[in-house]
Amino acid sequence: EAAVTQSPRNKVTVTGGNVTLSCRQTNSHNYMYWYRQDTGHGLRLIHYSYGAGNLQIGDVPDGYKATRTTQEDFFLLLELASPSQTSLYFCASHQGAGTEVFFGKGTRLTVV
Amino acid sequence: EQQVQQSPASLVLQEAENAELQCSFSIFTNQVQWFYQRPGGRLVSLLYNPSGTKQSGRLTSTTVIKERRSSLHISSSQITDSGTYLCAIDYAQGLTFGLGTRVSVFP
């Protein structure tokens, strides 16, 4: 079964700090996604990628950068973290439209 | 504007009852998926249903593209069905999710 592994699982950082969230998938899926999940807003798409080196902007990209260094690895970067970025972050991957989507267990980020 | 609307927002069931969850979307698409999530937990894909009716165990999904809606029927609910059910559409801008229906099943 496809595995999506996120790290770290929990992270606390200070306002203005620099944070990198990592995601690795082991099934060579083309598509990878970063979401944040907040009460009242549900899951919101931050950035996504169609393959290594490709990046697409999602619905809430402000304050976030992403890099897809390989087919397997997708990183989310917060260069000047703010308290509004306190959230539960999920990474997901799949092969394409109509295929099963696999999610990681999530990273809980707190910005104090 | 929320492109994917789900109803009801929450649902309380007694074990063995059936339930019907609704999803409507603002665009015409045949890429509709249903997911399940425990509080604070990982999302798990339940069903991909581009059109018509699709069944997986006690779950049945019916999608009507021209009406831009999909439903998820849970039959003979069990306590372990408790959690949030999310509908998502997959189109040019990636997967877009509704806010979900929170289901609570009691004995």
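Basis of the calculations
Residues numbered from 1 in each chain as written. Chains lettered and ligands numbered in written order. Predicted model: local features only at pLDDT ≥ 70, side-chain atom pairs only at ≥ 80, totals over all residues. Heavy atoms only, no water. Helix = DSSP H or I, 4+ residues; strand = E, 2+ residues; numbered from the N terminus. Rg over C-alpha atoms; globule rule 2.2 N^0.38 Å. Buried < 20%, exposed > 50% of the residue type's maximum accessible area, 1.4 Å probe, protein only. Areas by Shrake-Rupley, 256 points an atom, 1.4 Å probe, with all protein chains shown as cover. Lys, Arg positive; Asp, Glu negative; His and termini not counted. Charge placed at Lys NZ, Arg CZ, Asp CG, Glu CD. Pairing = 2+ DSSP bridges. Phe/Tyr/Trp six-rings, centres within 6.5 Å; stacked < 30°, edge-to-face > 60°. Lys NZ or Arg CZ within 6 Å of the ring centre and 35° of its normal. Disulfide = S-S within 2.5 Å.

Caption draft 1: Up close: the overall build of chain B. Helices and strands together make up the secondary structure of chain B, namely zero helices and eleven strands. In chain B, the succession of α and β elements from N to C terminus is β-β-β-β-β-β-β-β-β-β-β. Against the globule reference of 13 Å for 107 residues, chain B gives a C-alpha radius of gyration of 13 Å, in line with a compact fold. When burial is assessed residue by residue, chain B has 48% of its 107 residues classed as buried. Surface summary for chain B: the accessible area is close to 5000 Å², and the carbon and sulfur share equals 50%. Seen as two clouds, the 8 positive and the 7 negative side-chain charges of chain B have centres 5 Å apart.

Caption draft 2: Here's a closer look at the pairing of strand 7 (residues 65-68) of chain A. All names here are of chain A. Burial along strand 7 is one-sided: the face carrying Ala66 and Arg68 is buried and the face carrying Lys65 and Thr67 is not. Bridge analysis of strand 7 against strand 8 (residues 73-78) gives four bridges, and the strand direction is antiparallel. Paired with Ala66 across the strands is Leu76, a residue of strand 8. With antiparallel pairing between neighbouring strands as the criterion, strand 7 and strand 8 make up a hairpin whose turn holds four residues.

Caption draft 3: Structural detail: the packing of aromatic side chains. Summed over all chains, the structure comprises 13 aromatic pairs over all chains. Ring centres 6.5 Å apart and planes at 35 degrees place the aromatic pair Trp34 of chain A and Phe74 of chain A in the tilted group. Of the two residues, Trp34 of chain A is situated in strand 4 (residues 31-38) and Phe74 of chain A in strand 8; the sequence distance between them amounts to 40 residues. Taking relative accessible area as the criterion, Trp34 of chain A reaches 0% and is therefore assigned buried. Owing to a relative accessible area of 0%, Phe74 of chain A belongs among the buried residues under this scheme. Judged by centre distance (5.9 Å) and plane angle (65 degrees), the rings of Tyr64 of chain A and Tyr89 of chain A are edge-to-face. A residue pair is termed long-range when its members are at least 10 positions apart, and Tyr64 of chain A in the loop between strand 6 (56-57) and strand 7 and Tyr89 of chain A in strand 9 (residues 87-94) qualify at 25 residues. On the accessibility criterion, Tyr89 of chain A (0% relative accessible area) is buried. These aromatic residues form a ring-pair network of at least three members: Tyr31, Tyr33, Tyr35, Tyr48, Tyr50, Phe90 and Phe103 of chain A together with Phe35 and Phe97 of chain B. For Arg68 of chain B, the ring lying beneath its charged end belongs to Phe28 of chain B, and the centroid distance is 4.9 Å.

Caption draft 4: Up close: the state of the cysteines. Residue and element names in this part refer to chain B. Inspection of the entire model under this criterion finds two disulfides over all chains. Each sulfur in the disulfide pair Cys23 and Cys87 lies 2.0 Å from the other. On the S-S bond that ties Cys23 to Cys87, the torsion sits near -70 degrees, and the link is left-handed. A residue pair is termed long-range when its members are at least 10 positions apart, and Cys23 in strand 3 (residues 19-25) and Cys87 in strand 9 (residues 83-91) qualify at 64 residues. For Cys23, a relative accessible area of 2% translates into the label buried.

Caption draft 5: Expanded view of the pairing of strand 5 (residues 43-48) of chain B. Residue and element names in this part refer to chain B. Two strands pair when backbone bridges link them, and strand 4 (residues 32-37) and strand 5 are joined in this way by five bridges, in the antiparallel orientation. When the sheet's bridge partners are listed, Gln33 is paired in strand 5 with Tyr48. Counting the residues between successive antiparallel strands, the hairpin from strand 4 to strand 5 contains five residues, one of them, Gly40, with a positive phi of roughly 65 degrees.

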